[in-house]
Structure formats: structure tokens, C-alpha cells
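Analysis of the macromolecular model
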Amino acid sequence: MVAQTLLIDADDTLWENNVYFKRAIAKFISFLNHHEFSPEQVREVLNDVERECIAKHGYGLNSFSHALVDTFECLSPPVTPELHAQILGFASLIENHPIEMLPEVPETLDYLRARHKLILVTKGAQAEQRGKIERSGLKCYFAATEIVPEKNPATYHSLMEKHDFAFHSTWMVGNSPKSDINPALAAGLHAVFIPHGDTWILEHEELAAAPESQELLIVGKFAELREHF
Ligand SMILES: [Mg+2]
């Protein structure tokens, strides 16, 4: 196979991420202990509030902290300074967690790096994502790392332009239909979808079909990339 360029997502593609948020949310919901809303209903309110917070503050822990406080304020006002501090404590549980790699990630990256150009493309707050990349020890496998505020077709277009990649030999690899697959296909790239059982609900979207002359692969786990590249 001719050398390809692989743009590779990080959260829930290389390492666990959403599971930490889920644990923090479970703790938050039992702390809130709402008498009329079920945990599922509280979670739905939180999802809506999170969408608003992302529009205002972008992705990341800062946004998540705001969402927890706003959800509490909405369902169980008022948020006293003591409660505020306790609620922020749930978000800070996620900060600086050790990186839990998905199976066979370093050896697969090592295999791929010898054959193709690898670029890490992750979305979120700069300092947070940079911290995770550093703690993962995976940076050495990538020719470049890109931290972007949003992953939409325009993002992929500007990455292609910046690095001067050829569309016919560039693939976006990731777990999110909404951020990794659909916008990359819309931008003219190939894509590899690696579903993660625990993908963040705000990343759910129906998988688009690949336009003619583009390819969409679906693999069961990261290590399977070795069978295709
Ligand atoms: Mg991801």
C-alpha cells in the first residue's frame, strides 16, 4: 500500500475518556438526589445544559463544570457557595486522571508509523488536551498533533491545506460519527470508524455513507488498523 496520511482522534479512540465523565455524572446525580426527576431525567437536563455550555465555553472541563452548576441551579436552586464548591469537586475528579490506553494502541501506532504519516487530531481545550497527550506518552508516534476547538468540514479542510495533504490518500480515524467520520467524509477524506461502546451521547449521530470515490471502513478495534494499512 502506498503511504497514506492517517489523522487519528484521541479521546475514546486511543484512550478512555467518556467513562470518567460518566462516573463524575453518576456521583453528581446521586448528590443532587432529586425527588421528582429520575436519574435519567436529570441526565437529559444535563445533556441540554451541556449543549448550551459548549456553545458558550467550548469543549472541555470548564464547560462541564458550568453545566453541572447550571443543572443543579435549574433543578434544585439555590446553589450556595458551599454547594458550588462541592459541585465543582465532581468535575475536578476528572482532571489529571491517569491515561488508560485502549488495547494494543502503542504497538499498533508503532506498526502504522513505519508505513504511514500519523497526525493526532483532537478536539477540546488546548491545555487539557495537551496534558493528556503528554501523559499518554504517545506523542512520539505522530508527525504532528492538532488540537482544534471543533471538528467540522471546515476544520478538516484547513488541516488539509495547512499540511498540504492529498485527499485521495488521507483518512480520518475515530470513534465519533459526529466529529470524526461525517465531517471528514463531507470534507472529501476517507474515514475509519472505530465504535467505542461508551461514546459521549453528544457525539452520537447516524453514520453518513461514503460519497463515491471515498472509502469508509468500520473496524472493531484500533489494532485492526494493521489489517488495512
Ligand atoms: Mg473521540
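Before reading further, recall that the structure is shown in the block above.
Figured I'd write up the structure that's included with this text. (Residues numbered from 1 in each chain as written. Predicted model: local features only at pLDDT ≥ 70, side-chain atom pairs only at ≥ 80, totals over all residues.)

Looking only at helices and strands, one finds nine helices and six strands in the chain. Computed over its C-alpha atoms, the radius of gyration of the chain comes to 19 Å, within 12% of the 17 Å expected for a compact globule of 229 residues. Each principal axis of the C-alpha atoms in the chain carries an extent, and together these give about 60 × 35 × 30 Å. Of the contacts formed within the chain by residues at least 6 apart in sequence, a portion of 69% connects residues at least 24 apart. (Helix = DSSP H or I, 4+ residues; strand = E, 2+ residues; numbered from the N terminus. Rg over C-alpha atoms; globule rule 2.2 N^0.38 Å. Contact = placed C-beta atoms within 7 Å.)

Extensive coverage of strand 4 (residues 170-174) is indicated by the burial of five of its five residues. Because side chains alternate across strand 4, one face comprises the buried residues Thr170, Met172 and Gly174, and the other comprises Trp171 and Val173, equally buried. Alignment of strand 1 (residues 5-8) against strand 4, held across four bridges, turns out to be parallel. Residue pairing in the sheet places Leu6 in a bridge with Trp171 of strand 4. Pairing between strand 4 and strand 5 (residues 190-193): four bridges, direction parallel. Counted as the bridge partner of Trp171 is His190 from strand 5. In terms of handedness, the path from strand 4 via helix 8 (residues 177-186) over to strand 5 forms a crossover that is right-handed. (Buried ≥ 20, exposed ≤ 12 C-beta atoms within 10 Å, placed from the backbone. Pairing = 2+ DSSP bridges. Right-handed = clockwise from strand over helix to strand, strands pointing away.)

Here we come to the sheet that holds strand 2 (residues 117-123). Sheet architecture is open: six strands sit in the order 3-2-1-4-5-6, paired in parallel fashion. What marks the edges here is a single partner per strand, and that holds for strand 3 (144-148) and strand 6 (216-218). Across this sheet, the average inter-strand angle for adjacent strands is 20°, counted without regard to direction. Helix 6 (residues 126-136) contacts strand 2 and strand 3 of the sheet and is inclined by roughly 150° relative to strand 3. (Axes fitted to C-alpha atoms, helices over the stretch in contact; angles between N-to-C directions.)

With that out of the way, let us pick up unusual backbone geometry. Of note, the bond from Pro77 into Pro78 is cis; its omega dihedral lies within 30 degrees of zero at -5°. On the secondary structure map, Pro78 appears in the loop between helix 3 (61-75) and helix 4 (81-92). Of note in this structure, Asn33 is not a glycine but carries a positive phi near 50°. You can see Asn33 is positioned in the loop between helix 1 (18-32) and helix 2 (39-57). In this model, Asp164 sits at a positive phi of 60°, which is unusual for a non-glycine residue. Its place among the elements puts Asp164 in the loop between helix 7 (153-163) and strand 4.

Moving on, we come to the pairing of strand 3. Inspection of the sheet shows strand 2 paired to strand 3 by five bridges, in the parallel sense. From the neighbouring strand, Val121 faces strand 3, where its bridge partner is Glu146. As a crossover connection, the stretch from strand 2 through helix 6 into strand 3 is right-handed.

In this model, helix 3 (15 residues) spans 21 Å end to end at C-alpha, consistent with the 21 Å of a helix rising 1.5 Å per residue. Of all the residues in helix 3, the buried ones are Phe64, Ser65, Ala67, Leu68, Thr71 and Phe72. Summarising the axial view, the buried residues of helix 3 lie within an arc of 160°, below the 170-degree limit, and thus occupy one face. In this fold, the buried residues of helix 3 make contact with helix 1, helix 2 and helix 4. (Expected span 1.5 Å × (residues − 1). Arc of directions from axis to C-beta.)

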